[in-house]
Amino acid sequence: MTPIPKELADEMSNDVFYSRCARSNSSCEGRITWEHAFIYAGKQIQEKWSIIPLCEFHHSVCRFQDGGDLDKEQNQFIALKRASDEELAKYPRKDWKQLKSYLQGKYGA
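All values derive from a computational prediction rather than experimental measurement.

J.: Which residues make up the nonpolar core, and what are the values?
T.: F38, I45, W49, L80 and W96 are the most contacted members of the largest nonpolar core, which has 21 residues in total. Only β4 (51–55), α3 (72–82) and α5 (96–107) provide two or more residues apiece to this core. Among the elements that line this core, the one with the most residues is α3, at four residues. In this structure, I45 is in contact with H36, F38, Y40, S50, I51, Y91 and W96, ignoring residues within four places of it in sequence. Membership of the second largest hydrophobic core comes to six residues, among which are I4, L8, A9 and Y18.

Here is the structure:
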């Protein structure tokens, strides 16, 4: 895991979106963590749209390491909904449109 660049981490820390779990519901537990939703060319995408806030339970970390509710595809769908076409164009070897369509069919709007 590559650390989030300080400038990006500072920006995210000051963004209200990152103050609560992106999958917020009654099962949320623990502190807020940041999850890299995508890996591209063997590296985590270090962009704001691709990093989402999750409670420890939904990230399956800390005390929920082997018993949380990590759903990578749902996390990717949340991230994709935040990305612009220009941001996705930086990663041309991935069929973002097809992936988003598949995830939208699975998780809805």
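There is more to say, and it comes next.
J.: How would you explain α3 if you had to name every residue and give the values?
T.: Those residues of α3 not exposed but buried are N75, Q76, F77, I78, A79 and L80. Contacts made by the buried residues of α3 are with β1 (32–36), β4, α4 (85–88) and α5.

Definitions and limits used
- Every residue gets a number counted from 1 within its own chain, in the order that chain's sequence is written.
- A pLDDT threshold of at least 70 governs which residues receive local features in this predicted model, and a stricter bar of 80 or more applies before side-chain atom pairs are shown or counted, although totals over entire chains, interfaces and linings include all residues.
- Neither water nor hydrogens contribute to the side-chain values; these are computed over all heavy atoms in the structure.
- Throughout this description, the term nonpolar core refers to a set of buried Ala, Val, Leu, Ile, Met, Phe, Trp, Tyr and Cys residues connected via side-chain atoms within 4.5 Å.
- Burial here depends on accessible area, computed with a 1.4 Å probe over protein chains only, as a share of the maximum for the residue type. Under 20% is buried, over 50% is exposed, and the range in between is partly exposed.
- The helix and strand labels rest on DSSP assignments: H or I over at least four residues marks a helix, E over at least two residues marks a strand, and numbering proceeds from the N terminus.
- Residue contacts are counted whenever heavy atoms from the two residues lie within 4.5 Å of one another.

On their own, these measurements won't tell you what the molecule is for.
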